[in-house]
Amino acid sequence: MQSAKHSHEDPAGDVVRWAAFSCLLVPVVLVVYGTSFGGAAVATLGLAAVTAACRVLLRHSEKAARSMMPVRSEDRMPPAQRGRHSRAGAGSHRGCQGSGGMSPHD
C-alpha cells in the first residue's frame, strides 16, 4: 500500500491513476445498466484517449513549472568553480599570487 506522503510527491500521477481506474469502472457500470458491449468499448476507448492526453498535458505542465522555479545561487555552481573575480578562499585577494604565506621577496 502506498503512503499518504506519496500523493504530495506526484499529484499528476494520482490524477492519472484515478482516471485509469475510471476507464475500467465506467464500462462495467455501462454494461450493468444495459449498454451494449460495443457502446461500452467505445466509451472505454474515448476515456483512455482523454486520459492519455491529460497525462501528457500534466507532465508537460510539471516540467514547465520545474524549469520556471528559481535556482538558488549556491545550487548553480560549486564554490570552487565560481566566476573569475569571485573570492574562492580566505587568502585569494586581487593581486595576491601567493598561497598566503611569506614570499621569497619579503
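A brief look at the structure comes next. These numbers were taken from a predicted model, which means no experiment stands behind them.

Definitions and limits used
Residues numbered from 1 in each chain as written. Predicted model: local features only at pLDDT ≥ 70, side-chain atom pairs only at ≥ 80, totals over all residues. Heavy atoms only, no water. Helix = DSSP H or I, 4+ residues; strand = E, 2+ residues; numbered from the N terminus. Buried < 20%, exposed > 50% of the residue type's maximum accessible area, 1.4 Å probe, protein only. Contact = heavy atoms within 4.5 Å. Areas by Shrake-Rupley, 256 points an atom, 1.4 Å probe, with all protein chains shown as cover. Salt bridge = Lys/Arg side-chain N within 4 Å of Asp/Glu carboxyl O. Disulfide = S-S within 2.5 Å. Patch = residues over 30% accessible without salt bridge, like charges linked within 9 Å, V, L, I, M, F, W, Y side chains within 5 Å.

Side note on the overall build of the chain
Inference 1: The secondary structure content of the chain amounts to four helices and zero strands.
Inference 2: In the chain, the succession of α and β elements from N to C terminus is α-α-α-α.
Inference 3: When burial is assessed residue by residue, the chain has 8% of its 106 residues classed as buried.
Inference 4: Relative to all contacts within the chain whose residues are 6 or more apart in sequence, the contacts with residues 24 or more apart total 52%.
Inference 5: In the structure as shown, the chain presents an accessible area of about 9200 Å², 65% of it carried by carbon and sulfur atoms.

Regarding the pattern of salt bridges
Between side chains of opposite charge, pairing is possible as soon as their charged atoms come close.
Inference 1: Per the stated rule, a full pass over the model turns up two salt bridges.
Inference 2: Among the salt bridges present, the one from aspartate 14 reaches arginine 17, with a minimum N-O distance of 2.6 Å. In this pair, aspartate 14 and arginine 17 both sit in helix 2 (residues 11-32), three residues apart, roughly one turn of the helix.
Inference 3: Aspartate 14 sits in the buried class, given a relative accessible area of 18%.
Inference 4: A salt bridge links arginine 59 to glutamate 62, with the shortest nitrogen-to-oxygen separation between them at 3.1 Å.

Details of the state of the cysteines
Inference 1: Applying the stated rule across the entire model yields zero disulfides.
Inference 2: No disulfide involves cysteine 23; its nearest neighbouring cysteine sulfur is the one of cysteine 54, lying 9.9 Å away.
Inference 3: A relative accessible area of 11% means that cysteine 23 is categorised as buried.

Some words on a nonpolar patch on the surface
Inference 1: On the surface, Trp18, Phe21, Leu25, Val28, Val29, Val32 and Tyr33 cluster together into a nonpolar patch covering about 800 Å² of accessible area.
Inference 2: Within the element layout of this structure, tyrosine 33 appears in the loop between helix 2 and helix 3 (37-68).

Considering the environment of valine 42
Inference 1: Following the sequence through the fold, valine 42 ends up in helix 3.
Inference 2: Expressed as a C-alpha distance, the spacing of valine 42 and proline 27, which sit 15 residues apart in the sequence, is 9.0 Å.

Purely geometric stuff here, so don't read any function into it on its own.
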